[in-house]
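Survey of secondary and tertiary structure
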Amino acid sequence: MTNTVTPQTTPATKGPASYFPSIEKKYGQPIAHWKELIRSSPLTRHTELVAWLKEEHGLGHGHANALVKHTLDEGGK
């Protein structure tokens with residue numbers, strides 16, 4: 001019988017956070033930057049915040065939606 005060592009794998013990130021690496025790469029800002037913008041915005045509704053990120057900051061819909069969802073789920077507003 002041979003003992004083999006299998007590498008441990010980390011579980012894949014799921015949900016809104018799965019977008020974070022591509023958001024940082026595409027827009028050149030860390031996720032903390034976007035979360036702070038969302039938290040400091042006078043807007044409070046999910047759809048308003050998504051539209052604002054798209055219109056004012058040039059984010060795509062999926063990226064804006066993921067950032068807003070994750071931030072609001074953390075109790076960000």
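Scroll up for the structure.
Residues numbered from 1 in each chain as written. Predicted model: local features only at pLDDT ≥ 70, side-chain atom pairs only at ≥ 80, totals over all residues. Heavy atoms only, no water.

**Quick word on the overall build of the protein**
Going by this rule: Each helix corresponds to a stretch of at least 4 residues labelled H or I by DSSP, and each strand to a stretch of at least 2 residues labelled E; elements are numbered beginning at the N terminus. Using a 1.4 Å probe on the protein chains alone, a residue whose accessible area is under 20% of its type maximum counts as buried, one over 50% counts as exposed, and one in between counts as partly exposed. The contact criterion used throughout is that any non-hydrogen atoms of two residues lie within 4.5 Å. Each accessible area value is a Shrake-Rupley result obtained with a 1.4 Å probe; residue values ignore everything except the protein chains displayed when judging cover.
Counting its secondary structure elements, the protein contains four helices and zero strands. Going from N to C terminus, the protein has its helices and strands arranged as α-α-α-α. Here the protein holds 77 residues, and 29% of them are scored as buried. Considering only residue pairs separated by 6 or more positions, the protein has 51% of its internal contacts joining residues 24 or more positions apart. Summed over all atoms, the accessible surface of the protein reaches about 5,400 Å², with 53% contributed by carbon and sulfur.

**With respect to the packing of helix 1 (residues 20-27) against helix 2 (residues 31-40)**
Quick reminder of the rule: Every axis corresponds to a line fitted to the C-alpha atoms, with the helix fit spanning only the stretch in contact, and the corresponding angles, defined between N-to-C directions, vary from 0 to 180 degrees. In this scheme, roughly parallel covers angles under 35 degrees and roughly antiparallel covers those over 145, while 65 to 115 is roughly perpendicular and the rest are oblique. Throughout this entry, Asp, Glu, Lys and Arg are counted as charged residues, while Ala, Val, Leu, Ile, Met, Phe, Trp, Tyr, Cys and Pro are counted as nonpolar. The remaining residues, Gly among them, count as polar.
Look at helix 1 against helix 2: their axes get within 9 Å of each other, and the N-to-C directions meet at 90°. With respect to helix 2, the element helix 1 is oriented roughly perpendicular. For the pair helix 1 and helix 2, contact is made by Phe20, Ile23, Glu24 and Tyr27 and by Ile31, Trp34 and Lys35, respectively. Counted by class, the contact of helix 1 with helix 2 contains five nonpolar, no polar and two charged residues.

**Some details on the environment of Gly75**
Along the chain, Gly75 turns up in the segment after helix 4 (61-73). As a C-alpha pair, Gly75 and Arg39 span 36 residues in sequence and 9.4 Å in three-dimensional space.

**Here we look at the packing of aromatic side chains**
Let me state the cut-off plainly: What counts as a ring pair is set by centres within 6.5 Å for rings of Phe, Tyr and Trp (its six-membered ring), and what kind of pair is set by the plane angle: stacked under 30 degrees, edge-to-face over 60, tilted for all other angles.
Applying the stated criterion across every chain yields a total of one aromatic pair. With a centroid separation of 6.1 Å and 75° between ring planes, the pair formed by Tyr27 and Trp34 is classed as edge-to-face. There is no split in this pair, since Tyr27 and Trp34 are both buried.

**Comments concerning the pattern of salt bridges**
Applied cut-off: Each salt bridge in this description consists of a side-chain nitrogen of Lys or Arg and a carboxyl oxygen of Asp or Glu lying within 4 Å of one another.
Here the structure, examined in full by the defined rule, presents four salt bridges. A salt bridge links Arg39 to Glu74, with the nearest nitrogen and oxygen atoms 2.9 Å apart. Placement of Arg39 in helix 2 and of Glu74 in the segment after helix 4 is noted, with a sequence separation of 35 residues between them. Of the residues examined, Arg39 reaches a relative accessible area of 35% and is grouped as partly exposed. Ionic pairing is found between Lys69 and Asp73, a salt bridge with its closest N-O pair at 2.7 Å.

**Notes on the nonpolar core**
The test is simple: As used here, the term nonpolar core means buried Ala, Val, Leu, Ile, Met, Phe, Trp, Tyr and Cys residues forming a set that is joined through side-chain atoms within 4.5 Å.
Ile23, Trp34 and Leu67 are the most contacted members of the largest nonpolar core, which totals 15 residues. Of all the elements in the fold, those that place two or more residues in this core are helix 1, helix 2, helix 3 (46-57) and helix 4. The element that contributes the greatest number of residues to this core is helix 2, accounting for four residues.

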